[in-house]
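For reference, the chains in residue letters:
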Amino acid sequence: MSWLRALRETALSGFSVERRRLEPLVALRGAAGLAVVVCGTFALFGPTVAASAAFGAFQAGIATFQRSWRPRPVLALASGASLAVSTFLGYVTGAHFPLFLALLALWTFLAGLAWTAGPTAGVIASSNVAIMLVTVTLPTSVATAAGHAAVIAAGGLVQAGMIVLFPVRRWGLQRDALADALAALGDYARRLRHDPTAPFDPEPLMTARSAAAVTPWQARRRPAELHGARGLAERIRPVLASLADPEVGVAAEGPDRDRVRELLAAAGSVLDSTARAVRHGTPVHLAPAAVAGLRTPDTESLLTGPAHRAATRLVSLLDLLDDVVETDVVATDAMTGTGTGTGTSTDTGTGTSTEGNANGARHSGTTGATGGADDRPSAARPATHRDRPGLLRLLPVVLRDIRGELHRDSPILRHAVRVTTVTCAGYVLGAALPLGHGYWAPMTVVMVMRPDFLQTYGRSVARFGGTLVGVALATGIVQAAHPGGYVSAALAVVSAGLMYLLLRTGYAISQIFVSAYVVFLLGMAGAGVSQTVRDRALLTLLGGLLAMIAYAVFPAWETPRLRARLADWLLADGRYAAAVVGHYARPGDRGGPDAREVRETLLATRTARVAWHTSEERAMHEPVRHRGLSRTAADHAEHALAQLARVAMLMEAHLPERGVTPVPAAAGLAETLREATERGAKDVRERRVPRWDAVREELARWDGEGVPDQVVRSGAGLLLDALEELSAALEEGADGDRGGERAGNGDGPRPPEGSAARAPEQGPSA
């Protein structure tokens, strides 16, 4: 992609407006907390202290809108406390230019590294630096620095108190995450009726898994319907796929296929009803047609073998899902537990989780998609949960991750160096220019710079446009009406409330109200009124240009990393497939080590898939040649790896229980798959086309050894087909790359159809 096209597309992305569900009550609560802080401190201590306290409450309010599963009061308190420390140090050193510049460099570098801990930490840290640049301009002395820091922390405390006293949709985020996952499964079931190999995006399940991690305090208060339903949803997904797929199920057409379509339609209806109940906290109301579709006796007469097993497990899992969410069935014939039940999910990974049935769901002692179940009543099972570590416990983990980013190729380290250098340069230039209040330039830099190209350039353009409009409106009001202190405070609160309301609709829109908020607040404190719209716009433009130039000079392109991301995905898929195949050689309980390995490798596969898509989306907008992986090759390779994971998932849906006759030949195939994909991943990184002769030879030996299990035999062949498809895509990409270089084609890969670049965080602060 050329630079001109890249700049045009990033500019359009910066000004894009998204249709998002607004949260007026949450915005009103944040604005009310800000009003309490501003009015109280204005009456008690005067406008200057009120301005400091307002920034603390404003930033704490924004922190509660971040995409984080931590309790909102914790985010508000953490934001207020960290901002108080930042501004205190800024007050102390503000009178000494070299000392403050050194502090600014250190604080900005740490804020850049904070992105290692995730977007929420990165946004809060960047906002602290930006607000520190503003608050230190307020007239104060070192003797009162501690007082200003205290009222800033108090602003965060007030916002936390407002959340506790006036909760809005308590557990609403967790309910939405789980409901979205169930609704995605319902949509998947309906699509499988017409396309038996329809793709499924596991992102809703990953989001629900993240939302399920709670602190011990949260675990004691979590609603009953949020226990266990996610684990069942995880196990329903492979059962749906195996029921629909003709390779391991029924034929593409015929009476048995019609019965499968009826089951899928009924499952989609049940999942949709359950999703609505979870989202709104109401009982589940099932359509009578869906109940009848699951209970018809045709299943026993039409379906046999793997298809019958999948149908029976699907009904059992839906039974348990209804139990977990406290079903209130509106039907003459309620679901009565026909078939076999299943235990709830044991989730491994970060923390541990046995998501039990909190309401005494029935258990019949059969397995779900991954083996045996715990038949004990829920009261007899130990109550555990996916643990979310507190902030203090998380600190050593973050420090370890930061140490892992301290190498020259790390995007996080390059971002930290880049933002530190440019912020300090912007501060020096802003102080040298005869425009007054030069903090607008470095403040723009620190708020628009992100580790990736699209975010940095898009936000730079949006920041300038939004600031120009917001500053023009606010400064025009101030200069025309000359509002007093309380009127300026009221205008600032209204601007903040509108920003909270429209925060998720687009960066440019939110910047209009952020800029107006800063102007009104400084006007209340008697600072910055004399600065013109032109001066503020020029300084904002200077900061945006510095950020864009810095990324071009010292970039962290994603395009050269695409092969490494593809290799990581291949490696994760290979380990997942090997774990699933190996389980057929060693049937055992779902809680055993083999089953835990299946779960862990599945999660690793999903993580690698998300990393690939994120890199691909970012690379699409970069003005960089594709470096050996053309657009077509990337699409075909992605399809092959998705197929590899899908086949492994189909085989996972039929994992044998303890006591089932093992398939000894599966052990050799599992080891061969693991070794071959490790070699293949190395070949992909080194721009070679991987070969799968070892896997082919292992499957050839099966003909003489005999593998009676239909799922294992069919699945093993499909795994090899997917690997061969990957090699064909990479071989085609190598040829296309040579042709592209001759033709001067600079286009990078494009993201999958329907995808969009995901903003890693919500909202600005200053």
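Quick caveat, the model's predicted, so the values are computed rather than measured.

For the protein, the count of helices and strands is 28 helices and two strands. Entry remark: accessible area of the protein is about 29600 Å², with carbon and sulfur atoms responsible for 61%.

Turning to a nonpolar patch on the surface, a few remarks are in order. There is a patch of nonpolar side chains on the surface, built from Val417, Leu538, Leu541, Leu545, Ile549, Val553 and Phe554 and spanning about 590 Å² of accessible area. Mapped onto the elements, Val553 comes out in helix α22 (residues 533-553).

Turning our attention to helix α2 (residues 24-45). Given a rise of 1.5 Å per residue, 22 residues ought to cover 32 Å, and the 31 Å separating the end C-alpha atoms of α2 matches this to within 8%. Here α2 has its buried residues at Val26, Ala27, Arg29, Gly30, Ala31, Gly33, Leu34, Val37, Val38, Thr41 and Phe42. Elements that come into contact with the buried residues of α2 comprise α3 (47-63), α7 (145-165), α20 (485-501) and α21 (507-524). Phi turns positive, to about 105 degrees, at Gly46, one or two residues after α2.

The next subject is the pattern of salt bridges. Within the structure shown, the criterion is met by 29 salt bridges. Glu686 is paired through a salt bridge with Arg688; the nearest N and O atoms lie 2.4 Å apart. With relative accessibility at 39%, the residue Arg688 sits in the partly exposed group. Salt bridges linked by common partners bring Arg21, Arg169, Asp176, Asp180 and Arg279 together as one network.

We now examine the packing of aromatic side chains. Under the defined criterion, the tally for this structure stands at 18 aromatic pairs. Ring plane angle 35 degrees and centroid distance 4.4 Å describe the contact between Phe453 and Tyr457, whose orientation is recorded as tilted. Of this pair, Phe453 and Tyr457 both sit in helix α19 (residues 453-481), four residues apart, roughly one helical turn. In this structure Tyr457 comes out as buried when scored by relative accessible area, which is 3%. Connected via pairs of aromatic rings, a cluster forms that spans Trp3, Phe453, Tyr457, Tyr551 and Trp557. The ring of Phe554 carries Arg414 above its face, with NZ or CZ at 4.1 Å from the centroid. Seen from the ring of Tyr507, Arg459 lies directly overhead, with NZ or CZ sitting 3.9 Å from the centre.

In this fold, Leu318 is placed in helix α15 (residues 305-324). Residue classification places Leu318 among the buried residues on the basis of a relative accessible area of 0%. C-alpha separation for the pair Leu318 and Ala229, spaced 89 residues apart in sequence, amounts to 9.9 Å. When sequence neighbours within four positions are dropped, the list of residues in contact with Leu318 reads Ile236, Ala267, Val270, Leu271 and Leu294.

This part is about helix α23 (residues 562-585). An ideal rise of 1.5 Å per residue puts 34 Å on 24 residues; α23 measures up with 35 Å between its terminal C-alpha atoms. Within α23, 20 of the 24 residues are buried, which leaves the element mostly enclosed by the surrounding structure.

So, on to the confidence of the model for the protein. Reading predicted coordinates in detail is not appropriate for stretches of low pLDDT. When the pLDDT values of the protein are averaged, the result is 81; 84% of them are 70 or greater. Scored below 50 in pLDDT, residues 738-766 shows 83 contacts in the model against residues more than four places distant or in partner chains.

One finds Ile236, Leu240, Leu318, Leu566 and Leu673 to be the most contacted residues of the largest nonpolar core, which totals 112 residues. If one sorts the elements of this core by residue count, α23 sits on top with 15 residues. Apart from residues lying up to four places away in sequence, Leu566 is in contact with Trp612, Leu629, Ala637, Leu641, Val684 and Leu730. Residues Val129, Ile152, Tyr427 and Tyr517 belong to the second largest nonpolar core, which totals 79 residues.

What follows concerns the packing of helix α4 (residues 72-93) against helix α5 (residues 97-113). For any two helices packed against each other, one specifies the crossing angle of their axes together with the interaxial distance. Two elements in contact, α4 and α5, have axes whose closest approach is 8 Å; the angle formed by their N-to-C orientations is 160 degrees. As summarised for this structure, α4 and α5 are arranged roughly antiparallel, according to the angle between their axes. In the packing of α4 onto α5, the handedness of the crossing is right-handed. Contacts between α4 and α5 pair Val85, Ser86, Leu89, Gly90 and Thr93 from the former with Leu99, Phe100, Leu103 and Trp107 from the latter. A per-class count over the contact of α4 with α5 returns six nonpolar, three polar and no charged.

With glycine set apart, most residues show a phi of negative sign, and most peptide bonds adopt trans. Even without a glycine there, the phi angle at Trp171 is positive, about 65 degrees. Mapped onto the fold, Trp171 is located in the loop between α7 and α8 (172-194). Even without being glycine, Arg687 reaches a positive phi, approximately 65 degrees. Checked against the element boundaries, Arg687 lands in the loop between α26 (665-685) and α27 (693-705).

So, about the packing of helix α24 (residues 593-620) against helix α25 (residues 631-652). Interaxial distance between α24 and α25 falls to 12 Å at its minimum, and their mutual angle equals 160 degrees. The angle between α24 and α25 falls in the class roughly antiparallel. As α24 packs across α25, the resulting crossing turns out to be left-handed. Along its contact with α24, which presents Val598, Leu602, Thr605, Trp612, His613 and Glu616, the element α25 presents Ala634, Asp635, Glu638, Ala645 and Glu652.

Before going further, it helps to spend a moment on the environment of Phe58. Checked against the element boundaries, Phe58 lands in helix α3. A relative accessible area of 0% places Phe58 in the buried class. In this structure the C-alpha to C-alpha distance between Phe58 and Gly33, which are 25 residues apart in sequence, comes to 8.7 Å.

Rules of the game
- Residues numbered from 1 in each chain as written.
- Predicted model: local features only at pLDDT ≥ 70, side-chain atom pairs only at ≥ 80, totals over all residues.
- Heavy atoms only, no water.
- Helix = DSSP H or I, 4+ residues; strand = E, 2+ residues; numbered from the N terminus.
- Areas by Shrake-Rupley, 256 points an atom, 1.4 Å probe, with all protein chains shown as cover.
- Patch = residues over 30% accessible without salt bridge, like charges linked within 9 Å, V, L, I, M, F, W, Y side chains within 5 Å.
- Salt bridge = Lys/Arg side-chain N within 4 Å of Asp/Glu carboxyl O.
- Expected span 1.5 Å × (residues − 1).
- Buried < 20%, exposed > 50% of the residue type's maximum accessible area, 1.4 Å probe, protein only.
- Contact = heavy atoms within 4.5 Å.
- Phe/Tyr/Trp six-rings, centres within 6.5 Å; stacked < 30°, edge-to-face > 60°.
- Lys NZ or Arg CZ within 6 Å of the ring centre and 35° of its normal.
- pLDDT = per-residue confidence, 0-100.
- Core = buried A, V, L, I, M, F, W, Y, C linked by side-chain atoms within 4.5 Å.
- Axes fitted to C-alpha atoms, helices over the stretch in contact; angles between N-to-C directions.
- Parallel < 35°, antiparallel > 145°, perpendicular 65-115°, else oblique.
- Left-handed = near helix turned anticlockwise from the far one by under 90°.
- Nonpolar A, V, L, I, M, F, W, Y, C, P; charged D, E, K, R; others polar.

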